[in-house]
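Each chain, written out:
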Amino acid sequence: MLNLEHISVTFNEGTLDEKKALKNINLRLSEGEFVTVIGGNGAGKSTLMNVISGNLFSDIGRISINNKDISSLPEYKRSQMIGRVFQDPMAGTAPSMTIEENLAIAYGRNRSRGLRLGVNKKRRELFQEHLKTLNLGLEDRLGAKVGLLSGGERQALSLLMATFTEPNILLLDEHTAALDPARAELITDLTSEIVDKFNLTTLMVTHNMQQALDMGDRLIMMDAGQIILDVSGEEKQSLTIPQLLEEFQRIRGRQLVSDQTVLG
């Protein structure tokens, strides 16, 4: 479903500030696969997400979704195939618009557009049906401004907006990191339910090693722009945080010293 071949990105090339953010990344995700991505600050996780979404173009390499080359497509065209939830609950929605208006925009992402009402009775009923699955009472607040919602409510709405059109690829960019523990747990549970329900091919970046171990069916670890570890199946299920840290030290010859990565 998603294939990255020889993807490299260099920032400030040819200057004293040159940084190789991604180095020859090769990554393939099968349909319905849920992959978590772990790594310290500067490992290249966010750059990887930006390259896939089209927010950033790679220097070299090829990206395809469902065997279609999207390497040269701009972000707005890739958004027809990709749903994304950001770390900041404010980033994935329009705060001055209502809940139903935000949902109408998301609903039209992979549909042809014309001169017709964005919200009608049929769509309103559809939006209410999907909002009920969040168990937050948002289905009774369709006319509420999104900017008035709490961080957890807004992130739940962002998750729904990114998934209810069943995109080819779902990108989750540390989408629970800015929430308090209770809200983070809510969004984590909702994520698992929605991904399972629609069998979404998902790539989730997280600083939290335990979350990376608990969620998904495959884990990759990044460091200095490279994928240094790729585990799945029973091997992933049996892993512990100490074992992950030991594996990092074995591969890189140094300790992973980011408390944020270990503890979330």
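In this report, we go over the structure that sits alongside the text. All chains use their own residue numbering, which begins from 1 and follows the written sequence. It should be noted that, the model being predicted, local features are given only for residues of pLDDT at least 70 and side-chain atom pairs only at 80 or more, the latter also being counted only at that level, while totals for whole chains, interfaces and linings use all residues. No hydrogens and no water enter the side-chain calculation; it runs on all heavy atoms of the structure.

## A word on the overall build of the chain
To keep things clear, this is the line we draw: Strands here are runs of E lasting at least two residues and helices are runs of H or I lasting at least four, both read from the DSSP assignment and numbered beginning at the N terminus. Based on C-alpha atoms, the radius of gyration is set beside the globule rule, defined as 2.2 Å times the residue count to the power 0.38. Each residue's exposure class comes from its accessible area (1.4 Å probe, protein chains only) as a fraction of the maximum for that residue type: buried when under 20%, exposed when over 50%, partly exposed otherwise. Neither His nor the chain ends is counted toward charge; the positive residues are Lys and Arg and the negative residues Asp and Glu. Charge coordinates come from a single atom per side chain, which is NZ of Lys, CZ of Arg, CG of Asp or CD of Glu.
Across its full length, the chain holds ten helices and ten strands. Taken over the C-alpha trace, the chain has a radius of gyration of 19 Å; the compact-globule value for 264 residues is 18 Å, and the two agree within 12%. Along the three orthogonal principal directions, the C-alpha set of the chain runs to about 60 × 40 × 35 Å. Taking all 264 residues of the chain together, 50% fall into the buried category. One finds the centroid of the 29 positive side-chain charges in the chain at a distance of 8 Å from the centroid of its 34 negative side-chain charges.

## Some thoughts on the packing of helix α5 (residues 151-163) against helix α6 (residues 181-198)
Operational definition: Between N-to-C directions, angles cover 0 to 180 degrees, with each direction set by a line fitted to C-alpha atoms, over the stretch in contact for helices. Geometric relationships in this document are graded by angle, where less than 35 degrees denotes roughly parallel, more than 145 denotes roughly antiparallel, 65 to 115 denotes roughly perpendicular, and other angles denote oblique. Each crossing gets its handedness from the near helix: less than a right angle anticlockwise from the far helix is left-handed, clockwise is right-handed. Contacts are assigned to residue pairs that have any heavy atoms within 4.5 Å of one another. Asp, Glu, Lys and Arg are counted as charged, while Ala, Val, Leu, Ile, Met, Phe, Trp, Tyr, Cys and Pro are counted as nonpolar; the rest, among them Gly, fall into the polar class.
Contact pair α5 / α6: the axes reach a minimum separation of 10 Å and the direction vectors enclose 15°. The pairing of α5 with α6 is recorded here as roughly parallel in orientation. Between α5 and α6 the crossing geometry is right-handed. Across the interface between the two elements, G152, Q155, A156, L159 and T163 from α5 touch R183, I187, L190, T191, I194 and F198 from α6. Among the residues making up the contact of α5 with α6, the classes are represented as six nonpolar, four polar and one charged.

## Some thoughts on the side chain of R218
Here is the rule we go by: For the purposes of these results, a polar contact is taken to be a pair of N or O atoms within 3.5 Å, where, inside protein, one atom must be able to donate a hydrogen and its partner to accept one; residues adjacent in sequence count only when each atom of the pair is a side-chain atom.
In this fold, R218 is placed in strand β9 (residues 218-223). For R218, the side chain forms a polar contact with the main-chain oxygen of R28, separated by 2.8 Å. Within the structure, R218 has its side chain in polar contact with the side chain of D230 (distance 2.7 Å). Discounting residues that sit within four places of it in the chain, R218 has contacts with L27, R28, L29, E33, F34, V35, T36, D230, V231, S232 and K236.

## Points about the packing of helix α3 (residues 99-107) against helix α4 (residues 121-132)
At a minimum axis separation of 11 Å, α3 and α4 run at an interaxial angle of 100°. Here α3 lies roughly perpendicular to α4, going by the angle between them. Of α4, the residues touching α3 (which contributes I99, E100, L103, A104 and Y107) are R123, R124, L126, F127 and L131. A breakdown of the residues in the contact of α3 with α4 according to their chemical character gives seven nonpolar, no polar and three charged.

## So, the pattern of salt bridges
Selection rule: Here, a salt bridge means any Lys or Arg side-chain nitrogen found within 4 Å of an Asp or Glu carboxyl oxygen.
Tallied over the full model, the rule gives nine salt bridges. Put simply, K20 and E18 hold a salt bridge, and the shortest N to O gap is 3.8 Å. On the basis of relative accessibility, which here comes to 35%, the residue E18 falls in the partly exposed class. Measuring nitrogen to oxygen at the nearest pair gives 2.8 Å for the salt bridge that ties E100 to R124. Of this pair, E100 sits in helix α3 while R124 sits in helix α4, and the two are 24 residues apart along the sequence. Three or more residues are tied together by salt bridges with common partners; here these are E5, R62 and D69.

## A look at the packing of aromatic side chains
We apply this condition: A pair of aromatic rings is counted whenever rings of Phe, Tyr or Trp (Trp by its six-membered ring) have centres within 6.5 Å, and the orientation is called stacked for planes under 30 degrees apart, edge-to-face for over 60 and tilted otherwise.
Tallying each qualifying case throughout the model produces three aromatic pairs. Consider the rings of Y107 and F164, whose centres lie 6.3 Å apart with planes at 55°: the pair is tilted. With Y107 in helix α3 and F164 in the loop between α5 and β7 (169-173), this pair connects stretches of sequence that are 57 residues apart. In this structure Y107 comes out as buried when scored by relative accessible area, which is 16%. The exposure class of F164 is buried, given its relative accessible area of 9%.

## What to know about the sheet that holds strand β4 (residues 60-65)
Sheets are built from strands that pair by backbone hydrogen bonding, the pairs being arranged parallel or antiparallel. Convention followed: Two strands qualify as a pair provided DSSP detects at least 2 bridges between them.
Reading across the sheet, the four strands line up as β2-β1-β4-β5 and stay open at both edges, with antiparallel pairing between neighbours. Taken across any chain shown, the strands that pair with only one partner, and hence form the sheet edges, are β2 (19-29) and β5 (68-69). Across the sheet, helix α1 (residues 45-53) is in contact with β1 (2-11), β2 and β4; its angle to β1 comes to roughly 120°.

Fair warning: the whole summary comes from geometry, so function is off the table for now.
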